[in-house]
Amino acid sequence: MRDMRFALVLVAFAAAAQEPQYAGKAVLKAPQGYRDWYFVGSNLGVSYSPEPGKEEFFKNMYMPKAAADAFKRDGKFPEKTMIVMEIYAPETNASPAKRGQFQGKFVGIEVAVKDKNAVAEGWAYYNFIGDKGQRLTTAKAFGKQACWSCHNEHGAKDNVFVQFYPRLRDKE
């Protein structure tokens, strides 16, 4: 019986780790363990800047598997969905590679959260990369005009750019 209670506590802890944790009103704590979440897709150089070469980063996208399953089933993300964008600088020089790029130095993460209790719009966007490149442990939600309006206008489904992520777009 004790082992079963312990297992249930572990399951509850794991589920809670996949929901947003806040340090204050619309101040998100950096999610932990996201690399074990569902890998949604990756991109290289997708940017809001029209200038070539600006923001040429690798970006990996993760979300809790339950949120991805709900989206595939219902076409929308459930409340408390978190989508983590992990950012890496590109590298080119490593033996034995003669050409191509790979993910080099970790830059940081940005996170989208669907939580109408945190922001009136439902989706909020957070940047955990400090002005000097340091990793932040908490981040305040960007204002509505900074991210939300673009996601609302261009996100293929439910404020999310699922058009870039085959595991969501193609509903495998």
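See above for the structure.
Quick notes on the rules
Residues numbered from 1 in each chain as written. Predicted model: local features only at pLDDT ≥ 70, side-chain atom pairs only at ≥ 80, totals over all residues. Heavy atoms only, no water. Helix = DSSP H or I, 4+ residues; strand = E, 2+ residues; numbered from the N terminus. Buried < 20%, exposed > 50% of the residue type's maximum accessible area, 1.4 Å probe, protein only. Polar contact = N/O pair within 3.5 Å; in protein donor to acceptor, adjacent residues only side chain to side chain. Contact = heavy atoms within 4.5 Å. Pairing = 2+ DSSP bridges. Axes fitted to C-alpha atoms, helices over the stretch in contact; angles between N-to-C directions. Arc of directions from axis to C-beta. Disulfide = S-S within 2.5 Å.

**Student:** Summarise the side chain of glutamate 86; cite the residues concerned and give the values.
**Tutor:** By the element assignment, glutamate 86 lies in strand E5 (residues 82-91). Overall, the relative accessible area of 1% leaves glutamate 86 in the buried class. One polar contact links glutamate 86 to arginine 35, side chain to side chain, over a distance of 2.5 Å. Each residue touching glutamate 86, except ones within four places of it in the same chain, is listed here: Tyr34, Arg35, Phe58, Lys59, Asn60, Tyr62, Phe106, Gly108 and Ile109.

**Student:** Before we move on, can you summarise the sheet that holds strand E1 (residues 22-24) with the specific residues and values?
**Tutor:** Taken in spatial order, the 3 strands make up an open sheet running E1-E2-E8, and their pairing is antiparallel. The open sheet is flanked by E1 and strand E8 (138-140), the only strands paired with a single partner. In this sheet, adjacent strand axes meet at a mean angle of 30 degrees when their direction is disregarded. Where strand E2 (residues 27-29) meets E8, 3 bridges bridge the pair, whose relative direction is antiparallel.

**Student:** I'd love a proper account of helix H3 (residues 144-154), names of residues and values included.
**Tutor:** Turning to H3, its buried residues number three or more, namely Cys147, Trp148 and His151. The buried residues of H3 occupy an angular sector of 90 degrees when the element is viewed end-on, so they sit on one face. Turned more than 90 degrees from where H3 packs its buried face, Gln145 and Glu153 sit exposed. Looking at the buried positions of H3, the neighbouring elements they touch are strand E7 (123-127).

**Student:** I'd like to hear about the state of the cysteines, residue by residue, with values.
**Tutor:** For the coordinates displayed, the defined rule picks out 0 disulfides. As a non-bridged cysteine, cysteine 147 has cysteine 150 as the owner of its nearest cysteine sulfur, 8.2 Å distant. Judged by its relative accessible area of 18%, cysteine 147 falls in the buried class.

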